[in-house]
Amino acid sequence: MLHVVLLILKIIGIIIAVLLGLVILTVAAVLFVPVRYVAKAQYKDDIPIIQAKVTWLFHLLRIKCLFNLEEGLNVRIKILFFNLKSLKNNKNDEEHIEKNNEKKHRKKKEHSVFDKEDNYLDDTDMFFDKPEESVDITAMEDIYSNSNQRIDSDTELSDIEINQDNIQNKENLFEMDGFEGETKKTKKIKKNIFLIIKNKIMDIIQKILALIQKIKVTKENIIKKSKEFSNMINDPKNREMVAFLWVQVKKLLKILKPKKVEAYIHFGLKDAETTGKAAMYAASLYGSIGKHITIYPDFEQEIIEGSMYIKGSIQLFPIGIIALKIYRNKQVKKYINKMKN
């Protein structure tokens, strides 16, 4: 019985040791195995192309990125031989969707126009179905027939003239009523258009005022923060902390600096004088940017093109050491607590 218990404990101990070993190996791999990256970029004939590749742990994890104007951004993530994630942003698909939406919108507009025309035709049919002053026309015909029979009577002729005047007055009144109705509609439409334009102008003014206010607030905040930062640097108590942080920042930049950088820039501006000044400023930076960067000024044509190649690696262990040093610094802790309070 005791032998069985010891055997079970032995198996459990082996499993725990294996799990701990895997955890230690994973942590060590994350801290000590560098993340390697390679990036290529090209700009020619106003067409940018960017390629990037990130690998980790002997290409166990691979991330590939490609960007161009035709296909957009494509990202592919692989672990061993398995695709973990594939992100594609195809601009052709977006344009196809936009075209379909435009077609649907046009069809809706056409249907609405035809519906309006059908309603208008129905209204006109209703209008034409109505009798047009049937009483007055029959009265007029009777008068004309009586006038032909009794042409010598002056009283009947005067009655005909009076009836004709009444008909003309009615027609004039009908035309005036229609004209007044049209003028009222046009006045109403003009009033609505004026209100819409007024509201749009007021919205634009309010947005401009809000943007100005936001710019003022951000400007005040930047000025306030810059004053606080300058006071912190000039304070003799904080100078030692600033010097410590500057040393750590330089170490971090040295770790993040790519191992290999190659670039070729061919440019020509509007005139030769501006091109010459730009070339002079670029030549003054040759000592800091390195020997593998070629800048070729063109004084004959206006052109901008070039290519770039970057290769490097990032290790998390030295970055973690820098972060730990900053966290354990007493002056940094005091300053953080002072800012919180």
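Details of the structure are given in the entry above.
This text gives an overview of the structure that appears in the document. (Residues numbered from 1 in each chain as written. Predicted model: local features only at pLDDT ≥ 70, side-chain atom pairs only at ≥ 80, totals over all residues. Heavy atoms only, no water.)

Notes on the overall build of the protein
If you tally the helices and strands in the protein, you get nine helices and eight strands. When each of the 341 residues of the protein is scored for burial, the buried share is 12%. Pairs at least 24 residues apart make up 50% of the contacts formed inside the protein by residues separated by at least 6 positions. With an accessible surface of roughly 29000 Å², the protein has 63% of that area assigned to carbon and sulfur atoms. (Helix = DSSP H or I, 4+ residues; strand = E, 2+ residues; numbered from the N terminus. Buried < 20%, exposed > 50% of the residue type's maximum accessible area, 1.4 Å probe, protein only. Contact = heavy atoms within 4.5 Å. Areas by Shrake-Rupley, 256 points an atom, 1.4 Å probe, with all protein chains shown as cover.)

A look at the side chain of Arg62
Assignment of secondary structure puts Arg62 in strand 3 (residues 61-68). The side chain of Arg62 sits in the buried core without any salt bridge; Glu71 is the nearest counter-charge, 18 Å away. A polar atom in the side chain of Arg62 sits 2.8 Å from the backbone oxygen of His59. A distance of 2.6 Å separates the side chain of Arg62 from the backbone oxygen of Leu80, its partner in a polar contact. Aside from chain neighbours lying at most four places away, what touches Arg62 is Val54, Thr55, Arg76, Ile77, Lys78 and Leu80. (Lys, Arg positive; Asp, Glu negative; His and termini not counted. Salt bridge = Lys/Arg side-chain N within 4 Å of Asp/Glu carboxyl O. Polar contact = N/O pair within 3.5 Å; in protein donor to acceptor, adjacent residues only side chain to side chain.)

Some thoughts on the environment of Lys333
Along the chain, Lys333 falls in helix 9 (residues 330-340). Residue classification places Lys333 among the partly exposed positions, given a relative accessible area of 38%.

Structural notes on a nonpolar patch on the surface
A contiguous nonpolar patch, built from Met1, Leu2, Val4, Val5, Leu6, Ile8, Leu9, Ile12, Ile16, Leu20 and Ile24 and spanning about 1100 Å² of accessible area, is present on the exposed surface. Mapped onto the secondary structure, Leu9 falls in helix 1 (residues 2-32). The class of Leu9 is exposed, set by a relative accessible area of 51%. (Patch = residues over 30% accessible without salt bridge, like charges linked within 9 Å, V, L, I, M, F, W, Y side chains within 5 Å.)

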